[in-house]
Amino acid sequence: MSRIVETGAVALPEGLAIWMQAQGPKVWHAFARGVEFDAPDATIDLLLAAHWIARQPDMDRATGLLLLARALKAGLHIFAPVAMDDAAARAFCLDLHQRLSLSEAPARLPVMPDEAALIAGLSDGEAPLPLPHTSLKTGIAPCAVAFRANCPHLIATALRRAG
């Protein structure tokens, strides 16, 4: 049996937003699963990375829903952490909400049960930016990157020797 190990933080000499542009939908989804918009050290670079993902035509609906749900939970539709900009954070929430409202694409990538519950809150009549219910798959989307403390970390599967 193999095990998954974290191999360390990814160096981001040009910032997270630039690094994200070289990644694909599974890494974007991993970002949405781990992003902490309300972390005290959350910066505008984090918001720019999320906004860039939200504007990609091949962003999975589950990724967008997770980004919006996490942003609303963090209160970005009202205010942003010190190293972000309030107006930019509100604009991100409104833009992503509009994109999700206009898109009928299905959610293809899976989410964990707690993430599904967070997303389900978007279809609650009390949600600040409500959306219709979306059918979601549950599970894990395999990815070589995980996000912890708003930073990408490479992960690898440790292989066993045969015999």
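See the structure above.
Throughout this description, residue numbers start from 1 for each chain and increase along the sequence as written. In keeping with the model being predicted, local features are shown solely for residues with a pLDDT of at least 70 and side-chain atom pairs are shown and tallied solely at 80 or more, while totals for entire chains, interfaces and linings include all residues. For side-chain calculations, the full set of non-hydrogen atoms in the structure is used, while hydrogens and water are omitted.

A. Structural context of the overall build of the chain. Along the chain, the regular secondary structure elements total six helices and three strands. Secondary structure of the chain in N-to-C order comes out as β-α-α-α-α-α-α-β-β. Taking 2.2 N^0.38 as the reference for a compact globule, 163 residues should give roughly 15 Å; the C-alpha atoms of the chain span a radius of gyration of 16 Å, in line with that estimate. For the chain, the C-alpha atoms occupy an extent of roughly 60 × 35 × 25 Å along the three principal directions. For the chain, the proportion of its 163 residues judged to be buried stands at 44%. Taking contacts inside the chain between residues at least 6 apart in sequence as the whole, the part at least 24 apart equals 78%. As displayed, the chain has an accessible area near 8800 Å², and 58% of this comes from carbon and sulfur atoms. Only four residue types enter the tally: Lys and Arg on the positive side, Asp and Glu on the negative side; His and the chain ends are excluded. Just so you know, the charge point we use is NZ for Lys, CZ for Arg, CG for Asp and CD for Glu. Averaging the coordinates of the 14 positive side-chain charges in the chain and doing the same for the 16 negative ones gives two points 11 Å apart. Working definition: helices are DSSP H or I runs of at least four residues, strands are E runs of at least two. Numbering for both runs from the N terminus. As a reference, a globule follows 2.2 Å times the number of residues to the power 0.38, and the radius of gyration itself is taken over C-alpha atoms. Relative accessible area decides the class of each residue, using a 1.4 Å probe on protein chains only: under 20% of the type maximum gives buried, over 50% gives exposed, and in between gives partly exposed. The contact definition used throughout considers only heavy atoms, calling two residues in contact when any of these lie within 4.5 Å. Here the Shrake-Rupley method, with its probe set to 1.4 Å, supplies the accessible areas, and only the displayed protein chains count as covering residues.

B. Inspection of the environment of Lys-137 at higher detail. Tracing the chain through its elements places Lys-137 in the loop between α6 (113-120) and β2 (145-148). Residue Lys-137 is classed as partly exposed on the basis of its relative accessible area of 48%. Apart from residues lying up to four places away in sequence, Lys-137 is in contact with Ala-107, Arg-108, Leu-109, Pro-110 and Val-111.

C. Just the packing of helix α3 (residues 44-54) against helix α5 (residues 86-102), in detail. Helix axes use the C-alpha atoms of the stretch in contact, all axes being lines fitted to C-alpha atoms, and the angles between their N-to-C directions lie in the range 0 to 180 degrees. Direction vectors running N to C along α3 and α5 enclose 15°, while the axes themselves pass 10 Å from each other. Relative to α5, the element α3 is oriented roughly parallel. Seen from above, α3 lies across α5 with left-handed handedness. Counting all contacts with α3, which are made through Ile-44, Leu-47, Ala-50, His-51 and Ala-54, the residues of α5 involved are Ala-88, Ala-89, Phe-92, Asp-95, Leu-96 and Arg-99. Three categories are distinguished: nonpolar for Ala, Val, Leu, Ile, Met, Phe, Trp, Tyr, Cys and Pro, charged for Asp, Glu, Lys and Arg, and polar for the others, with Gly belonging to the last. In terms of residue class, the contact of α3 with α5 is built from eight nonpolar, one polar and two charged. Comment on the angle field: the value is read as roughly parallel under 35 degrees, roughly antiparallel over 145, roughly perpendicular from 65 to 115, and oblique elsewhere. Definitions for this section: a left-handed crossing has its near helix turned counterclockwise from the far helix by less than a right angle. A right-handed crossing has that turn clockwise.

D. Quick peek at the packing of aromatic side chains. Centre distance within 6.5 Å is the pairing criterion for rings of Phe, Tyr and Trp, where only the six-membered ring of Trp is used; planes under 30 degrees apart are then read as stacked, over 60 as edge-to-face, and the remainder as tilted. Applying the stated criterion across every chain, the model contains four aromatic pairs. Ring centres of Trp-19 and Phe-147 lie 6.2 Å apart, and the angle between their planes is 65°; this geometry places the pair in the edge-to-face category. Here Trp-19 is found in helix α1 (residues 16-20), whereas its partner Phe-147 is found in strand β2, with 128 residues between them in sequence. Side by side, Trp-19 and Phe-147 carry an identical accessibility label, which is buried. With centroids separated by 5.3 Å and ring planes inclined at 80°, the aromatic side chains of Phe-31 and Phe-147 adopt a geometry described as edge-to-face. Residue Phe-31 is located in helix α2 (residues 25-34), and its partner Phe-147 is located in strand β2; the two are separated by 116 residues in the primary sequence. Classification of Phe-147 by relative accessible area gives buried; the value is 8%.

E. The arrangement of the pattern of salt bridges in detail. Each reported salt bridge corresponds to a side-chain nitrogen of Lys or Arg within 4 Å of a carboxyl oxygen of Asp or Glu. Under the defined criterion, the tally for this structure stands at five salt bridges. Of the charged contacts in the structure, one is a salt bridge between Arg-55 and Asp-95, with a shortest N-O distance of 3.3 Å. Linking Arg-55 in the loop between α3 and α4 (61-73) with Asp-95 in helix α5, this pair joins segments that are 40 residues apart in sequence. Taking the relative accessible area as the measure of exposure, Asp-95 reaches 16% and is therefore buried. Between Arg-99 and Asp-95 there is a salt bridge, with its nearest N and O atoms 3.0 Å apart. Of the two residues, Arg-99 and Asp-95 are both situated in helix α5; the distance of four residues between them amounts to about one turn of the helix. Via salt bridges that share partners, Arg-33, Arg-70 and Glu-115 belong to a single interconnected network.

Worth remembering: the numbers are spatial, not functional.
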